[in-house]
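# Secondary and tertiary structure notes
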Amino acid sequence: MPPEIRFGAIGLNHGHINNQVNLLLRAGAKLVSFFGKEPELAAKFAATYPQARQVQDPAEILEDNSLQMCLAKALILRMIWVWWYATRTTLP
C-alpha cells in the first residue's frame, strides 16, 4: 500500500481548486487544511470538505511538516517559492 499523501490548499478564489482537491482525494490523498482570505469562499470550501481544518494564516500550511503537497494558484505558488527560499537561505 502506498504511503498516504497529506496536502493543504491555499487560495480558494480560482474555480479549479475543487477539481484539484477532488482529484487528489479520489487518488487516496488526505486534505488536511486550507486557507482562504475570502470568508464566503472559505465557508463554502469548509462545507464541501468538512474533514479539513481552516487555518488563519497560510504559513500554518507552509510550515506544516506533515504535509507533502500544497495546492495553490500560480501567483501564490511564486510567492510561496520566494518565501520558502528566503526563509531557508543564509546570505553571506
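Cut-off values and rules
- Residues numbered from 1 in each chain as written.
- Predicted model: local features only at pLDDT ≥ 70, side-chain atom pairs only at ≥ 80, totals over all residues.
- Heavy atoms only, no water.
- Pairing = 2+ DSSP bridges.
- Helix = DSSP H or I, 4+ residues; strand = E, 2+ residues; numbered from the N terminus.
- Contact = heavy atoms within 4.5 Å.
- Axes fitted to C-alpha atoms, helices over the stretch in contact; angles between N-to-C directions.
- Salt bridge = Lys/Arg side-chain N within 4 Å of Asp/Glu carboxyl O.
- Buried < 20%, exposed > 50% of the residue type's maximum accessible area, 1.4 Å probe, protein only.

### Concerning the sheet that holds strand 1 (residues 6-10)
With parallel pairing, the 4 strands of this open sheet are ordered in space as 3-2-1-4. The open sheet is flanked by strand 3 (53-54) and strand 4 (69-72), the only strands paired with a single partner. Bridging between strand 2 (residues 30-35) and strand 3 involves 2 bridges; their strand directions are parallel. If you follow Ser 33 over to strand 3, its bridge partner there is Arg 53. Together, strand 1, strand 2 and strand 4 form the strand contacts of helix 1 (residues 17-26), whose direction differs from that of strand 4 by roughly 155°. With respect to the sheet, helix 2 (residues 39-48) is in contact with strand 1, strand 2 and strand 3, its orientation differing from that of strand 2 by roughly 165°.

### So, the pattern of salt bridges
Pairs can form between side chains of opposite charge once their charged atoms are near each other. On inspection of all chains with the given rule, the structure shows 1 salt bridge. The salt bridge involving Glu 60 is made with Arg 53; its shortest N-O contact spans 3.6 Å. Since its relative accessible area comes to 42%, Arg 53 is described here as partly exposed.

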